[in-house]
Amino acid sequence: MARGRPIDLHGPLTTFSSHSLKHVFAFSEVRVEGLETLDYLDNLQSKNRCTEQGDAVVFESEVDKVYLSAPPKIVIIDHEKKRTFVLRKEGLPDIVVWNPWDKKAKAMPDFGDEEYKSMLCVGAAAIEKPITLKPGEEWIVKQEISYVPSSYSSGQLDPELIRRMHTI
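Residues numbered from 1 in each chain as written. Predicted model: local features only at pLDDT ≥ 70, side-chain atom pairs only at ≥ 80, totals over all residues. Heavy atoms only, no water.

> Mind laying out the pattern of salt bridges, listing which residues take part and the relevant values?
Inspection of every chain in the model, using the stated rule, returns eight salt bridges. Linking Arg49 and Asp39 is a salt bridge whose minimum nitrogen-to-oxygen distance equals 3.2 Å. With a gap of 10 residues between them, Arg49 in strand β5 (residues 48-51) and Asp39 in strand β4 (residues 39-42) connect regions that are remote in the sequence. The partly exposed category is assigned to Asp39, whose relative accessible area is 26%. Between Lys104 and Glu62 there is a salt bridge; the shortest N-O distance is 2.7 Å. (Salt bridge = Lys/Arg side-chain N within 4 Å of Asp/Glu carboxyl O. Helix = DSSP H or I, 4+ residues; strand = E, 2+ residues; numbered from the N terminus. Buried < 20%, exposed > 50% of the residue type's maximum accessible area, 1.4 Å probe, protein only.)

This is the structure we're talking about:
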């Protein structure tokens, strides 16, 4: 495992998130798989704890959720472009999924009015359970995003094939 530069943290670290922007083009054709039946905190409903009911996360309006105790691998499938992004994580228990949709995008000064249509933020995080480091302790985390040049479901991804894919 490649190691990045250490981050100097003093005292407890309450939350951590590493978001990844994915450029996608037709939300009706995009799904995030691997989060089904998980509990999540819905930031649009005062962090209300809910359980994912769908077989995948799809996008029809604003989304701002923290999926708790997520598996080490999830996939973002863009059926229109026939591509799949695989997110693998270590040391970070949660996954954040966010898109501001139209109204919030228009209210963000550094975000174009229509940019919400071509981005999706998905990333590993530690939100629910605080991470506390004592002086001299290390906390090593890893997030890897790979590209598969065809659409698959999360159950069909061969781990050996993914290891050979280029990291984005």
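Once you've had a look at it, read on.
> How would you explain the environment of Val141 if you had to name every residue and give the values?
Position of Val141 relative to the elements: it lies in the loop between β12 (131-132) and β13 (142-148). When the C-alpha positions of Val141 and Glu90 are compared, they lie 5.5 Å apart, and in sequence the two are 51 residues distant.

> Can you lay out the sheet that holds strand β8 (residues 73-78) for me, pointing to particular residues and giving the numbers?
Taken in spatial order, the five strands make up an open sheet running β6-β3-β8-β9-β13, and their pairing is antiparallel. Two strands close off the open sheet at either side, each with one partner strand: β6 (57-58) and β13. Two elements, β8 and strand β9 (residues 83-90), share six bridges in a ladder whose sense is antiparallel. Pairing of Ile76 across the sheet is with Phe85, part of β9. (Pairing = 2+ DSSP bridges.)

> Got a sec to walk through the pairing of strand β10 (residues 94-99)? Specific residues and values, please.
Across a regular strand the side chains alternate sides, sitting on one face of the sheet and then on the other. Counting buried positions along β10 gives six out of six residues, so the element sits mostly inside the fold. Residues of β10 alternate between two faces, with Asp94, Val96 and Trp98 on one and Ile95, Val97 and Asn99 on the opposite face, all of them buried. In this structure, strand β7 (residues 63-67) lies alongside β10, joined through five bridges in antiparallel fashion. By the bridge assignment for β10, Tyr67 is matched with Ile95.

> Report on the nonpolar core, specifying residues and quantitative values.
Counting residues in hydrophobic clusters, the biggest one holds 27 residues, and the most contacted among them are Val32, Leu35, Phe59 and Ile95. Listing elements by their share of this core, those giving two or more residues are β3 (30-33), β7, β8, β9, β10, α1 (101-107) and β11 (120-126). (Core = buried A, V, L, I, M, F, W, Y, C linked by side-chain atoms within 4.5 Å.)

> Talk me through the environment of Leu41; I want residue IDs and the actual numbers.
With respect to the element layout, Leu41 can be found in strand β4. For Leu41, a relative accessible area of 14% corresponds to the buried category. Separated by 26 residues in the primary sequence, Leu41 and Tyr67 have C-alpha atoms spaced 6.6 Å apart. Those residues in contact with Leu41 that lie beyond four places of it in its chain are Lys47, Asn48, Arg49, Asp64, Lys65, Val66 and Leu68. (Contact = heavy atoms within 4.5 Å.)

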